Amino acid sequence: MDTIVIKEYDELHIKDKRDITKNAISKEDAISLQSIIMDEEPVFKWGFKKLIAQHWVGTISLGDLNIEILPKLYGSVSEEQLRTVLTRMILVSHQKPSAREIPGSTKLDKNSLIEILIDTFLSSLEKYVQEGLRHSYKKIEKNINRVKGTIVFNKQFSRNLLKPAKFWCRYSMFTADNEINQFFKLCLNTMNIVSNDPCNKRRIKYLLPTFSDFTTINKEKALLKDITFNSTNQNAEESYTYGKLFLKSIFSTLNAGNTPINMMLFDMNALFELFIFRVTRIVYKNRVSYQMRGNYLLERDSDGKKHIALRPDITIKVDNDSYSVIDTKWKIPKTFSKESDVYQMNSYSTSIDKVREIILLYPLVYNKRMIDDYHFIDSNGIKRPLKIRTIDLMKCLEWRTFLNEFPQYIL
């Protein structure tokens, strides 16, 4: 399979014939890529004889062509490092806020985000299978030849009146054919279709027979209901987390002409925000809230009705009387923060009660002079602090050190 690796806002040149050495795609490739819409926005925008990637990262497979879009970080960073940082951000972002560990077994020799996530899921599932599949009691209603459990009399009289040898019964059966293992079967079958990595394909083929006799469910049903985990089934939780991440992120319903499109794409704006929240929650624990509600910018005089909800990305409870607010921005300002970003921070500072300081957090930027402490100019002489900070996401590759040093990035 041909593979082209680009970064956010990089260009793909459109030629008569594909040439992956020059990041050149064919006109047919361009039409397929330009048709991809996420959240009502195109993943690629048209330029003059080129397509321009936007803020979506991940993998797109067009038949025999694989396009991988990686995040753009400051400095000299290799593709492998970018891929590792992105994978780590995705895994951390989709764990529980209290999670302290992230998988260390991810194989970095895989050159596709999809394959890395499949590998992570398989490693977790193999451990689950070795420990023994989760069994549970399942309620069953069935027309059988002998009494088992209790007879459902209304159905017995309505359906078996002329069948004296049949009994409509309701009973419980201790079985591995439950919603957890049905979910894993769906994940394996889907990954078997999507994966092109020989190692992953072998591991999937090895695991599939373990789940082959279980009920087959579809993706919609699997994602509709969250499985509750407790002490009896917690050994399946990690596999479920990564399986759900895969199913929610993989899209294979689009077709451009006769070319099937498989995609796993993430909005870097949302991913950066969620990643910083998870890290903040690990460090500051229950003092942290995500998109705190209940604050508004306007109130109508006539009836007190409130308008324009304010939902800061992250709030940290400093004490009973104050909060610190962190707002993340996935962008690299060349000179200074955008006016609209600062206006937004000003509204948080004035309209959210008990705010001690606002922290505007960017990824590592070129202009380090921008990183400083500021305050909003107030006609009443009150200083309302604003801190502009950046965070080097490459540091997260040393996870423990990153967590220990995280408070320094935002102070």
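Whatever comes next refers back to the structure up there.
Nothing here was measured: the structure is a model prediction, and the numbers come from that model. (Residues numbered from 1 in each chain as written. Predicted model: local features only at pLDDT ≥ 70, side-chain atom pairs only at ≥ 80, totals over all residues. Heavy atoms only, no water.)

> What's the story with unusual backbone geometry in this structure? I'm lost.
Trans peptide bonds make up most of the peptide bonds, and negative phi angles are found at most residues other than glycine. In this structure, K49 takes a positive phi of about 55° despite not being glycine. For K49, the position within the fold is in the loop between strand 6 (44–47) and strand 7 (50–53). Overall, K49 belongs to the exposed group, its relative accessible area being 57%. (Helix = DSSP H or I, 4+ residues; strand = E, 2+ residues; numbered from the N terminus. Buried < 20%, exposed > 50% of the residue type's maximum accessible area, 1.4 Å probe, protein only.)

> What should I look at first to understand empty space enclosed by the protein in this one?
Any space left empty among the atoms is revealed by the rolling of a water-sized probe across them. Overall, the coordinates contain one cavity of 30 Å³ or more when judged by the stated rule. Here the largest cavity defines a volume of roughly 60 Å³. Of the residues belonging to the lining of the largest cavity, the class tally is eight nonpolar, no polar and two charged. (1 Å grid on protein atoms, 1.4 Å probe; cavity = no way out; pocket = protein on both sides within 12 Å on 5 of 7 lines; lining within 4 Å. Points joined across faces, edges and corners; volume = space filled by probe spheres on them. Nonpolar A, V, L, I, M, F, W, Y, C, P; charged D, E, K, R; others polar.)

> Help me understand the pattern of salt bridges, please; the structure alone is not making it clear to me.
It is possible for side chains bearing opposite charge to pair when their charged atoms get close. What the rule picks out here adds up to 21 salt bridges. Its salt-bridge partner being K27, residue D16 comes within 3.4 Å of it at the nearest N-O pair. Of this pair, D16 sits in the loop between strand 2 (11–15) and strand 3 (24–26) while K27 sits in helix 1 (residues 27–34), and the two are eleven residues apart along the sequence. Among the residues examined, K27 registers a relative accessible area of 48% and is labelled partly exposed. Measuring nitrogen to oxygen at the nearest pair gives 1.9 Å for the salt bridge that ties D226 to K244. Of the two residues, D226 is situated in the loop between helix 7 (219–224) and helix 8 (237–249) and K244 in helix 8; the sequence distance between them amounts to 18 residues. On the basis of relative accessible area, D226 is assigned to the exposed category, the value being 53%. (Salt bridge = Lys/Arg side-chain N within 4 Å of Asp/Glu carboxyl O.)

> Please clarify how the packing of helix 2 (residues 79–93) against helix 3 (residues 113–131) should be interpreted in this entry.
When two helices pack together, their arrangement is given by the angle between their axes and by how far apart the axes lie. For the pair helix 2 and helix 3, the least separation of the axes is 11 Å and the interaxial angle reads 50°. On the basis of their axis angle, the class for helix 2 and helix 3 is oblique. Note that helix 2 runs across helix 3; the crossing there is right-handed. For the pair formed by helix 2 and helix 3, the contact residues are R83, L86, T87, I90 and L91 on the first element and L113, I116, L117 and T120 on the second. (Axes fitted to C-alpha atoms, helices over the stretch in contact; angles between N-to-C directions. Parallel < 35°, antiparallel > 145°, perpendicular 65-115°, else oblique. Left-handed = near helix turned anticlockwise from the far one by under 90°. Contact = heavy atoms within 4.5 Å.)

> Just checking my understanding: could you explain the nonpolar core for this structure?
Soluble globular proteins tend to pack their nonpolar side chains together in the buried interior. The biggest cluster of nonpolar side chains holds 97 residues, and the ones touching the most others in it are L33, F44, I60, I67, F184 and F275. In this structure L33 touches L12, I25, F44, L51, I60, L62 and I67, once residues within four positions along its chain are discounted. Grouped together as the second largest cluster of nonpolar side chains are 15 residues, M292, M345, V355 and I388 included. (Core = buried A, V, L, I, M, F, W, Y, C linked by side-chain atoms within 4.5 Å.)

> Help me understand the packing of helix 3 against helix 8, please; the structure alone is not making it clear to me.
Remark: helix 3 packs on helix 8, axes separated minimally by 8 Å, with the N-to-C direction vectors making an angle of 155°. When the axes of helix 3 and helix 8 are compared, the pair comes out roughly antiparallel. Here the hand of the crossing between helix 3 and helix 8 comes out left-handed. Across from I114, L117, I118, T120, F121, S124, L125 and Y128 in helix 3, the residues of helix 8 making contact are E238, S239, Y242, G243, L245 and F246. Taken together, the residues of the contact of helix 3 with helix 8 sort by class into nine nonpolar, four polar and one charged.

> Honestly, the sheet that holds strand 19 (residues 314–319) in this entry has me stumped. Any pointers?
To summarise the sheet geometry, strands pair through backbone hydrogen bonds and adopt either a parallel or an antiparallel arrangement. With mixed pairing, the six strands of this open sheet are ordered in space as 16-19-20-21-23-22. Because the sheet does not close on itself, it has two edges, and the strands there are strand 16 (288–290) and strand 22 (372–376). For this sheet, the mean angle separating the axes of adjacent strands, direction not counted, is 25°. In this structure, strand 21 (residues 355–363) lies alongside strand 23 (residues 384–391), joined through six bridges in parallel fashion. The partner of L360 across the bridge, within strand 23, is I388. (Pairing = 2+ DSSP bridges.)

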